[in-house]
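In case you want the letters, here they are:
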Amino acid sequence: MAGQYSSSPNARGKTIRAVFILFFLTILAALNLNILGQSVALSLLPLIGICLWPRYAHPVISIIVIFLFGLLLDFLTNDALGFRTLIYLIIFSVFRPDTRSKQHTFGTAFVQWLGIIILALVAVYFLGWVGRSVRPDLLSLGYQALLTTTLFPLIYFIRHIFRYFLIDPDDRY
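Residues numbered from 1 in each chain as written. Predicted model: local features only at pLDDT ≥ 70, side-chain atom pairs only at ≥ 80, totals over all residues. Heavy atoms only, no water.

Student: How do you make sense of helix α4 (residues 83–95) when you look at a structure like this?
Tutor: An α-helical segment advances 3.6 residues per turn. Residues three or four places apart therefore align on the same side. For α4, built from 13 residues, the straight-helix expectation of 18 Å at 1.5 Å per residue is met to within 8% by its first-to-last C-alpha distance of 19 Å. For α4, every residue scored as buried is listed here: Phe 83, Arg 84, Thr 85, Ile 87, Tyr 88, Ile 91 and Phe 92. Buried residues belonging to α4 abut α2 (46–51), α3 (59–76) and α5 (106–132). Looking one or two residues past α4, Arg 96 carries a phi angle of roughly 40°, positive in sign. (Helix = DSSP H or I, 4+ residues; strand = E, 2+ residues; numbered from the N terminus. Expected span 1.5 Å × (residues − 1). Buried < 20%, exposed > 50% of the residue type's maximum accessible area, 1.4 Å probe, protein only. Contact = heavy atoms within 4.5 Å.)

Following this line, the structure appears as structure tokens:
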């Protein structure tokens, strides 16, 4: 099944903006927070960028960018190279945010986010278990998912504000 994408300059601009958002979220994902004596990683944060990926973005460029930023996060966090990349590409290929027919509303984006976070947690758990022969800590994964889910509305709102005020009304996605 062929994906629908646009090769217009507007579509390229959407892809470039998505690349910058994903880069910013990837850099933030390399941080660890100390919350109540627990170190919580933000490594699931780039999944928000994948969830909010623009419609009609070029699929090959999208896959290459997601692949490279997954490797960058693996490198920055000293994780096994390809671990996050595989998870991000699984999420992108299952949900295909670039082929959705309508623009996001917060409700639909949040429901999609919940599906993405559940699939990501299952993938992280089983790939971590098989790849390292040790079961990942469920409490730590839960904290990561909870923290990232609480940040989702903020990132969605920031994206909405930038889209509304800084982009030409004809280019909004």
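Still more ground to cover, so stick around.
Student: Just checking my understanding: could you explain the packing of aromatic side chains for this structure?
Tutor: Each aromatic ring pair is summarised here by two numbers: the centre-to-centre distance and the angle between the ring planes. Within the structure shown, the criterion is met by 11 aromatic pairs. When the centroid spacing of 5.7 Å and the interplanar angle of 50° are considered together, the rings of Phe 23 and Phe 69 count as tilted. One end of the pair, Phe 23, is in helix α1 (residues 9–29); the other, Phe 69, is in helix α3, with 46 residues separating them in the sequence. On the numbers, 5.9 Å between centres and 55° between planes, the contact of Tyr 125 with Trp 129 is tilted. Residue Tyr 125 and its partner Trp 129 are located together in helix α5, separated by four residues, close to a single helical turn. Among the residues examined, Tyr 125 registers a relative accessible area of 16% and is labelled buried. (Phe/Tyr/Trp six-rings, centres within 6.5 Å; stacked < 30°, edge-to-face > 60°.)

Student: Is there a simple way to explain the environment of Arg 84 in this structure?
Tutor: Counting through the fold element by element, Arg 84 comes out in helix α4. Owing to a relative accessible area of 9%, Arg 84 belongs among the buried residues under this scheme. Taking the C-alpha atoms as reference, Arg 84 lies 8.8 Å from Phe 67; in sequence the two are 17 residues apart. Contacts of Arg 84, omitting those with residues within four sequence positions, involve Ser 43, Leu 44, Gly 70, Leu 73, Asp 74, Asp 79 and Val 124.

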